[in-house]
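Residues per chain, in single letters:
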Amino acid sequence: MQYIRDWLWTYVWKPLPDMPLGAWTDELIRWLRLAWAPLFDGVETFLESLYFALADALLWLPSGLMILVFAAIAFVAKGWRLAAVVGVGMFVVAWTPYWDNTMATLAMVVVATVLATVLAIPIGILASENRAASAVMRPVLDFMQTLPAFVYLLPVVMLFGVGETPGIIATIIFCMPPGVRLTELGLRQVDREVVEAAQAFGSSPARTLLRVKLPLALPTVMAGLNQVIMLALSMVVIAGMVGGGGLGEDIVSALGRVDIAKGFNAGIAVVILAIFLDRVMQGLADRTPVAKAARLAH
């Protein structure tokens, strides 16, 4: 066996040249940056405009009033208990020096989540209606979910430079797959008899989708949106490594300096943001007509 392995290595594997896949990718990214520079500059301007406008809006009111706003949103979504928890949590964040960066992180999460959802839901609808599209999208989504998060940053930084834009784009790519998958799953789980009944009454395919399938699939779609938000929040922290700003930059700085106090304060702010976003989305999902009907049935 050793002789066979030596022979294979000497005459088969060793003479093969290394595949320059990385070099090809590098050349492709550089060509894209040169050939499509106006497009990338326009995308960068658009994303930065959204991000800075939302960040400025969140910082326009004093932190005390914003705490009341967050508590009111939590109360509408899930009642006074969540409102109390969110109010106390946001008060703790305001007590630290990281309120401004927390609002910047929230702005980045909201922008990335909205854009990822705008892309994910139509793709999920297409995959649910078309088997061929679903078959094509499945390996693409697997690739997007299994590729390490840090790898997303490399080509994006080469295309857009350092700053908030590469962080937002990498976050969109990273958090979009659950939205696509759960949208497709929710639409495929809609009872076929209900769809056939709608079609029997003369409903068009578009009307059936908008008035029957999507409302029935809404709890699953909302669960996908919740996953999108959580992944966006985790990726925004990683994006701090490329100058994404917000709490991610604080955490990266604390890690480099082994500053336990700074890292703990910024980490607590991320946890409080995650609790707020997760519970609010769960509360909104529980208020959908399908979820209310399921609770009444039980």
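As the structure is a computational prediction, the values presented were derived from the model and not from experiment.

Colleague: How do you make sense of a nonpolar patch on the surface when you look at a structure like this?
Modeller: On the surface, Val-88, Phe-91, Val-92, Trp-95, Phe-264 and Ile-268 cluster together into a nonpolar patch covering about 660 Å² of accessible area. Elements supplying a minimum of two residues to the nonpolar patch: helix 5 (80–95) and helix 13 (260–286). Here the nonpolar patch takes four residues from helix 5, the largest share from any one element. Position of Phe-264 relative to the elements: it lies in helix 13.

Colleague: Would you mind going over the UniProt feature "transmembrane region" (unreviewed entry) in the protein with me for this structure?
Modeller: Under the UniProt annotation, "transmembrane region" (unreviewed entry) lies at residues 50–75, 82–99, 105–128, 149–174, 228–248 and 260–277. Secondary structure content for residues 228–248 is 67% helix and 0% strand, and the end C-alpha separation is 18 Å. End C-alpha to end C-alpha, residues 260–277 measures 26 Å, and it is 100% helix and 0% strand.

Colleague: I would appreciate a short explanation of the packing of helix 12 (residues 246–257) against helix 13 in the present structure.
Modeller: Where helix 12 contacts helix 13, the two axes come as close as 8 Å, and the packing angle between them is 150°. The pairing of helix 12 with helix 13 is recorded here as roughly antiparallel in orientation. Relative to helix 13, the crossing made by helix 12 is left-handed. Packed against helix 12, whose contacting residues are Leu-247, Asp-250, Ile-251, Ser-253 and Ala-254, the element helix 13 presents Lys-262, Gly-263, Ala-266, Ala-269 and Val-270 at the interface. Split by residue class, the contact of helix 12 with helix 13 holds six nonpolar, two polar and two charged.

Procedures and definitions
Residues numbered from 1 in each chain as written. Predicted model: local features only at pLDDT ≥ 70, side-chain atom pairs only at ≥ 80, totals over all residues. Heavy atoms only, no water. Patch = residues over 30% accessible without salt bridge, like charges linked within 9 Å, V, L, I, M, F, W, Y side chains within 5 Å. Areas by Shrake-Rupley, 256 points an atom, 1.4 Å probe, with all protein chains shown as cover. Salt bridge = Lys/Arg side-chain N within 4 Å of Asp/Glu carboxyl O. Helix = DSSP H or I, 4+ residues; strand = E, 2+ residues; numbered from the N terminus. UniProt positions renumbered as here; feature names shortened; annotations may be inferred. Axes fitted to C-alpha atoms, helices over the stretch in contact; angles between N-to-C directions. Parallel < 35°, antiparallel > 145°, perpendicular 65-115°, else oblique. Left-handed = near helix turned anticlockwise from the far one by under 90°. Contact = heavy atoms within 4.5 Å. Nonpolar A, V, L, I, M, F, W, Y, C, P; charged D, E, K, R; others polar.

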